[in-house]
Amino acid sequence: MNRLVEIRSQESLCRERAALDFERRVFWLTQAQEWEQRALDETAHHFRECNAVHHVELARS
């Protein structure tokens with residue numbers, strides 16, 4: 001989950017830049033949205049892995 005923290009940090013940084021850089025606001029908000037999607041993808045990946053391990057453990061029981 002450390003990767004998720006790093007991804008969310010990048011997203012936050014982009015949002016901060018959007019607030020400070022009016023001329024490139026759209027660019028930074030777009031970047032933030034891309035980081036947000038990566039965070040969602042990372043979360044989904046984590047839960048898929050957890051579920052796979054859980055299913056294997058149940059099959060062994």
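To keep things clear, this report deals only with the structure shown in the data block.

## Some details on the pattern of salt bridges
And then number 1: For the coordinates displayed, the defined rule picks out four salt bridges.
And then number 2: In this structure, the salt-bridge partner of Arg3 is Glu42, at a minimum N-O distance of 3.4 Å. Taken together, the positions of Arg3 in helix 1 (residues 2–20) and Glu42 in helix 2 (residues 25–60) put the pair 39 residues apart, joining distant regions of the chain.
And then number 3: Between Glu11 and Arg15 there is a salt bridge whose closest N-O contact spans 3.2 Å. In this pair, Glu11 and Arg15 are both assigned in helix 1, four residues apart and thus about one turn of the helix distant.
And then number 4: What makes Glu11 buried here is its relative accessible area of 9%.
And then number 5: Arg15 sits in the partly exposed class, given a relative accessible area of 34%.
And then number 6: Taken together, the shared-partner salt bridges in this structure form one network comprising Arg8, Glu11, Arg15 and Glu36.

## So, the nonpolar core
And then number 1: Counting residues in hydrophobic clusters, the biggest one holds eight residues: Leu4, Ile7, Cys14, Ala18, Trp28, Ala32, Trp35 and Ala39.
And then number 2: Listed by contribution, the elements that provide at least two residues to this core are helix 1 and helix 2.

## Topic: helix 1
And then number 1: Taking 1.5 Å of rise per residue, 19 residues should cover 27 Å, and helix 1 covers 27 Å from first to last C-alpha, within 8% of that figure.
And then number 2: Of the residues making up helix 1, those classed as buried are Leu4, Ile7, Glu11, Cys14 and Ala18. Viewed end-on, helix 1 has its buried residues packed into an arc of 85°, placing them on one side of the element. The exposed set on the far side of helix 1, more than 90 degrees from its buried face, consists of Asn2, Val5, Glu6, Ala19 and Leu20.

Thresholds applied
Residues numbered from 1 in each chain as written. Predicted model: local features only at pLDDT ≥ 70, side-chain atom pairs only at ≥ 80, totals over all residues. Heavy atoms only, no water. Salt bridge = Lys/Arg side-chain N within 4 Å of Asp/Glu carboxyl O. Helix = DSSP H or I, 4+ residues; strand = E, 2+ residues; numbered from the N terminus. Buried < 20%, exposed > 50% of the residue type's maximum accessible area, 1.4 Å probe, protein only. Core = buried A, V, L, I, M, F, W, Y, C linked by side-chain atoms within 4.5 Å. Expected span 1.5 Å × (residues − 1). Arc of directions from axis to C-beta.

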